[in-house]
Amino acid sequence: MLSFYSASARIINSRRAVNECMEVALGENLADCSVLILHASIGHNFEELLDEAHRLAPHASILLSSCCGVVGREGVSESMKDIALMAIKGDDFGIAHCNEFYGHNAYHKTLAMARELKQSKPGINMLYFLGSGINTDNNAVIQACEEVFGEQVTLFGATSSDNMKGFINYQGVNQHLYQHGAFLLGFSDPTLKVETCATHGFVAIGEPLVVTSCQGNTIQTLNGKPAWSEYLRRLGLPENATCGDTIPVGALGEKLSTTLSEEYGNQHLLRVVTSHDGQNMHYATDIKQGTELWLTKRDEALIFNEMEKMVNQMKLKLIGKTPVAVFHADCLARGRFLHNRIIKEELVSSMQVPFYDKQGNCPPWLGMYGFGEFARLGNKNTYHNYTTALYVLYR
Amino acid sequence: MEEEYKKLLDEFRALQLRVTRFSATEQELINTRDKLDHELEQYKRLQQLTQKAIRKISPHDLINTLLEGIVDVVETEVAMILIKGPESKSYSVYTEGLSLKNDETRSIAIILESLLHNIKPHEAFILESSTIQEQYPGLPFHSFLCYRVEIKDHRYSFLVLAGNTNKNAPLFPFLENRLKTLFDILCHQAESIFLNQLRSWEIQRAKKELHQLSFIATQTPNAVVIANRQGQIDWINHAFTQMTGYTLREVKGKKPGEFLHGPDTDNKIIEEIRKALTQKESVEKTIINYKKDGEPFVNQLQITPVQDASGKVVNYISLERDITGFKRTEKELINKNEELKKINAELDNFVYSVSHDLRSPLLSIKGLLGLILHSHLVSDEVAGYLKMAETSINRLDGTIKDILEYSRNARTEVLQQEVDVQKLCEFVFQDLRDDANPPITLKTKITGSYKITTDRNRLGALLKNLMSNAIKYAKPNHPDAYVEVVFINHGKFFECFVNDNGIGISEEYQSKVFDMFFRGHAGSSGTGLGLYIVKEIVQKMGGTISLSSSLGEGTSVHLSLPSEKSEIKKEIPIR
């Protein structure tokens, strides 16, 4: 049976950051854990993080992801030197990982990882995925996982990021540090279940952009025009704008069916563009020609309302059950570039407080600001962007 | 209708664009607000850093705090501090956010040293990528901020750096003037903190040292007197009170001479002390002082004038010790030594006289025995007894001669004479060869000049003893028995080997052969004094001796002796 322990902090020195977080999470016996999941802001030295974690817990499997900020029991922080960790004790898990993970090979790479995982550990009933958030196809990730584990397996997790520059991101597994990697952590604890949910609070505006030419996850033209220029023009941004400029205002909405819209509380599922190669835009999933993409505008009231609604729905689902750990993925565009610090802390508080136990303790919590989030929608694994996504592990 | 629709559509699109552009403008406002909020946050971090740094209790902790603080406040990837010590080649490099190997640290330190000389102190600078590539290509930075700190007394220079590597520069804020200002403030504050801390550490160190010195001054068995610049006593320790009987209350404000001097105090020494102190020099003297009860004592004192930074005397510190007992003992020892020398000399004279006086009747008896034996007046049996008596007398004569040799060596000074060692060898061997049985050959080998400056008689005595041993202990009936004397003249000293192919000395006896009266062979005709005298002579001449031997194969004695007067060690022979 798995047990979970978490900690987060803003500490400059990477080695000391790992050390102090492990001390907070695990107490004196730092080596007494089976898995260490580390989320760290892009300003940290990732080699040192892996090395120090391995030094302190030489027998633990170490999983690492870069991000734009972290959320822990201790609160939210978005600086260049944040770190959050979830330590897991117990044997009911399996890990698979890969490098050179891109949009064009996301399906095959994920399929290989999923097969390896299934072979190495029977009874896996939920998957925690973390992969590069730059130039990837996350629908392919879902498809490959479901092919091996079935549609009913819950896939949760996020995509790594930097500080919204779309320049670089890191994934680490044990002593290996990747810039385009991915890993799958499969839980096989039969006593453990997971509920996932996601919400964004953006509204579509105006006429959609139509994908007129594309390949895999690459959009070549929009409305028959070179994609990147057309995208910038519609956003009212200059030609020399970067992804860092487009991400906060450039959420693209794909229209949902009526049923899914009702469940989701929004008519559109959002997508992000994390990088572009000249005029070719790298979309977060594969895309078909003719797809309509709406520009969107955030609505603060909607963001709060939808968040409250989502947490209440989750709370209802968990009546009579005990949350043992919460994994949390938030879009980096919902951080300091969307709200000021006070609103953001309010948001985080409003999503944590409902899960407090009777003594007022927050369950172990590991959250990050990344490029994208996985959460089930319409009882299917779905990839989202610009959302807050919660994954509550309970018994 | 169609035209109106088209117009409406155009208006809708324009409106749509305005909405999205409004989003972009709104985002710009959010970004600006975030930037301002963040700048405020950075200044808050700077304040926290200052508070944290002030509390640091060691230079190492302070430097690490500053390094982390720079990364935190300025939000660069790397912070680096180069500290250049008072000696031009000593430096230390501290980093945060960059792992360097030893050789990398060295090469970076060399570049940073040159940078240190090229920038003005107490001012922050931005070094752009192009400047780094052009002037400091070995530095692993895309761009960086730098600031030079000079410690007032010029003993230390610091170079503080905050920068981004080429690899990660796009992730970090562009190093603009806003960050330069922040870095400048940070470095100014760090400089002040460091200087304050440095003073504080110096004060703490001085306090600690003072505490230790005060503890030593209080606890030392020696008397300590601290006087002001007028020579008036400020403080004395307990040992002073124990030594003289005076308490601090009784002597404070007085000059030591006022109460320590008495009838036997030597005014000449007082004047010497006064003269040295006038010239701000330390002085060490032994003087007769008087205790409170009037008892005189021998005071060994060392007075040091303490000067301030301008060279002005501010105090005198005197360390004093009652050496009356020591002086008494020393005097007794000198007397006893003189007495011992006299006795020794008398003993040597006595030994010489007795030996000399004993030898005369012995030689008479020997002569008479010879006459009787050659007169054929006695039977063969009686002649046999007389021959036995003659052998005993010869042995006794040998012993007396050895004692005389020993005595001569002890009594007479070592002389420096020019000696032809080849001739000396032949001369000595001439005297001995008649006693050789079997016949023995002399081989000599001389490297360097034949002429050596040494004591002719002593060198002769050494050769005689050693060659005589080679003859005495030659292998019976050996057809090629020899004694080989090798001289190697090194100029300031010479080596002499006396080798033979005789019966050799058993290993167990080799360490004892230089002992007095030691005889390695039961049937030996020797006195047991020969090699002892050799050792004594070598010692007197300031040389060394060693022996190696192999039983049945022969013996080699090695001498090393000075051949110039200056090299002779003036040692008193140990009796």
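As the structure is a computational prediction, the values presented were derived from the model and not from experiment.

**Q** Break down the overall build of chain A for me, citing the residues and quoting the values.
**A** Counting its regular elements, chain A contains 9 helices and 26 strands. Buried positions account for 57% of the 395 residues belonging to chain A. Of the contacts formed within chain A by residues at least 6 apart in sequence, a portion of 79% connects residues at least 24 apart.

**Q** Which residues make up the confidence of the model for chain B, and what values go with them?
**A** Residue and element names in this part refer to chain B. Averaged over every residue, the pLDDT of chain B is 87; the share at 70 or more is 96%. Here residues 566-575 scores under 50 on pLDDT; set against residues more than four positions off or in separate chains, the count is 16 contacts. Model confidence for the complex is summarised by a pTM of 0.64, with the ipTM given as 0.85.

**Q** Any chance you could break down the pairing of strand S3 (residues 61-67) of chain A for me, citing the residues and the numbers?
**A** All names here are of chain A. Within S3, 6 of the 7 residues are buried, which leaves it mostly tucked inside the rest of the structure. Inspection of the sheet shows strand S2 (residues 35-41) paired to S3 by 7 bridges, in the parallel sense. Bridge pairing links Ile37 to Leu63 in S3. As defined by bridge partners, S3 adjoins strand S10 (residues 171-173) across 3 bridges and the pair is classed as antiparallel. Within S10, the residue paired with Leu64 across the bridge is Gly172.

**Q** Outline the nonpolar core, listing residues and values.
**A** One finds Leu36, Leu38 and Leu85 of chain A to be the most contacted residues of the largest nonpolar core, which totals 130 residues. A total of 7 residues in this core trace back to one element, the largest contributor, which is helix H4 (residues 138-149) of chain A. Of the domains in this structure, domain 1 (3-198 + 304-394) and domain 2 (202-298) of chain A are the two that each give at least three residues to this core. Ignoring anything within four residues of it in the chain, the contact list for Leu38 of chain A reads Leu49, Ala53, Ile62, Leu64, Ile83 and Leu85 of chain A. Residues Ala53, Leu62, Val160 and Leu175 of chain B belong to the second largest nonpolar core, which totals 45 residues.

**Q** Any chance you could break down helix H3 (residues 106-120) of chain A for me, citing the residues and the numbers?
**A** Residues and elements named next belong to chain A. An ideal rise of 1.5 Å per residue puts 21 Å on 15 residues; H3 measures up with 21 Å between its terminal C-alpha atoms. If you check which residues of H3 are buried, you get Ala106, Lys109, Thr110, Met113, Ala114 and Leu117. Down the axis of H3, the sector holding all buried residues measures 130°, keeping them to one side. For H3, the elements touching its buried residues are strand S7 (93-98), H4 and strand S12 (182-187).

**Q** With reference to specific residues and values, describe the interface of chain A and chain B.
**A** Counting residues at the interface gives 27 residues for chain A and 22 residues for chain B. Secondary-structure elements contributing two or more residues to the side of chain A that touches chain B are strand S14 (202-215), helix H5 (227-235), helix H6 (243-249) and strand S21 (292-298) of chain A. The leading source of residues in the side of chain A that touches chain B is S14 of chain A, at 3 residues. Split by residue class, the side of chain A that touches chain B holds 12 nonpolar, 7 polar and 8 charged.

**Q** Quick one: what's the story with the sheet that holds strand S5 (residues 157-164) of chain B, residue by residue and with numbers?
**A** For sheets, the rule is that strands pair by backbone hydrogen bonds, running either parallel or antiparallel. All names here are of chain B. Taken in spatial order, the 5 strands line up as S2-S1-S5-S4-S3 in an open sheet, and their pairing is antiparallel. Sheet topology places strand S2 (91-96) and strand S3 (124-127) at the edges, where each strand pairs with a single neighbour. Ignoring which end each strand starts from, the neighbouring axes of this sheet average 20° apart. Pairing of S3 with strand S4 (residues 143-150) involves 4 bridges; the strand directions are antiparallel. Along S4, the bridge assignment pairs Ala124 with Tyr147. Its contacts with the sheet place helix H5 (residues 177-219) against S3, S4 and S5, and it is angled at close to 25° to S4.

**Q** Residues and numbers for H4 of chain A, please.
**A** Residues and elements named next belong to chain A. Spanning 12 residues, H4 covers 16 Å between terminal C-alpha atoms, matching the ideal 16 Å at 1.5 Å per step. Buried within H4 we find Asn138, Ala140, Val141, Ile142, Ala144, Cys145, Val148 and Phe149. Residues of H4 that are buried make contact with H3, strand S8 (126-131), strand S9 (154-159), strand S24 (372-377) and strand S25 (380-384).

**Q** Now, about the pairing of strand S9 (residues 296-307) of chain B: what can you tell me, with residues and values included?
**A** All names here are of chain B. Sheet topology note: the strand S8 (residues 283-290)/S9 ladder contains 8 bridges and is antiparallel. For Tyr290, the partnering residue across the bridge sits in S9 and is Pro296. Between the end of S8 and the start of S9, which pair antiparallel, lie 5 residues, with Gly294 showing a positive phi angle near 90°. Direction of pairing for S9 relative to strand S10 (residues 313-322): antiparallel, over a ladder of 9 bridges. Bridging from a neighbouring strand, Val306 pairs with Asn315 of S10. Here S9 folds back onto S10 in antiparallel fashion, the turn holding 5 residues, of which Gly311 has a positive phi close to 90°.

Quick notes on the rules
In this convention, every chain numbers its residues from 1, walking through the sequence in written order. By the order in which they are written, chains take letters starting at A while ligands take numbers starting at 1. With pLDDT at 70 or above as the cut-off, local features in this predicted model cover only qualifying residues; side-chain atom pairs require 80 or more to be listed or tallied, and sums for whole chains, interfaces and linings still use all residues. Helix and strand assignments follow DSSP, with helices taken as H or I runs no shorter than four residues and strands as E runs no shorter than two, numbered in order from the N terminus. Residues with at least 20 other C-beta atoms within 10 Å of their own are called buried, those with 12 or fewer are called exposed, and the rest are partly exposed. The C-beta atoms themselves are positioned from the backbone. For every residue pair, C-beta atoms are placed from the backbone, and the pair is scored as a contact if these atoms sit within 7 Å. Confidence of the prediction at every residue is given by pLDDT, a number between 0 and 100. Here, any two strands with at least 2 DSSP bridges between them count as paired. The nonpolar core is taken to be a set of buried Ala, Val, Leu, Ile, Met, Phe, Trp, Tyr and Cys residues joined by way of C-beta atoms within 7 Å. Each domain's extent was defined by an automatic or database domain assignment. Helix span, expected: 1.5 Å multiplied by one less than the number of residues in the helix. Of all possible arcs, the one meant is that of the directions from the helix axis to the C-beta atoms. Classification used: nonpolar for Ala, Val, Leu, Ile, Met, Phe, Trp, Tyr, Cys and Pro, charged for Asp, Glu, Lys and Arg, polar for all others including Gly. Orientation is described by lines fitted to C-alpha atoms, with helices fitted over the stretch in contact, and by angles between N-to-C directions that extend from 0 to 180 degrees.

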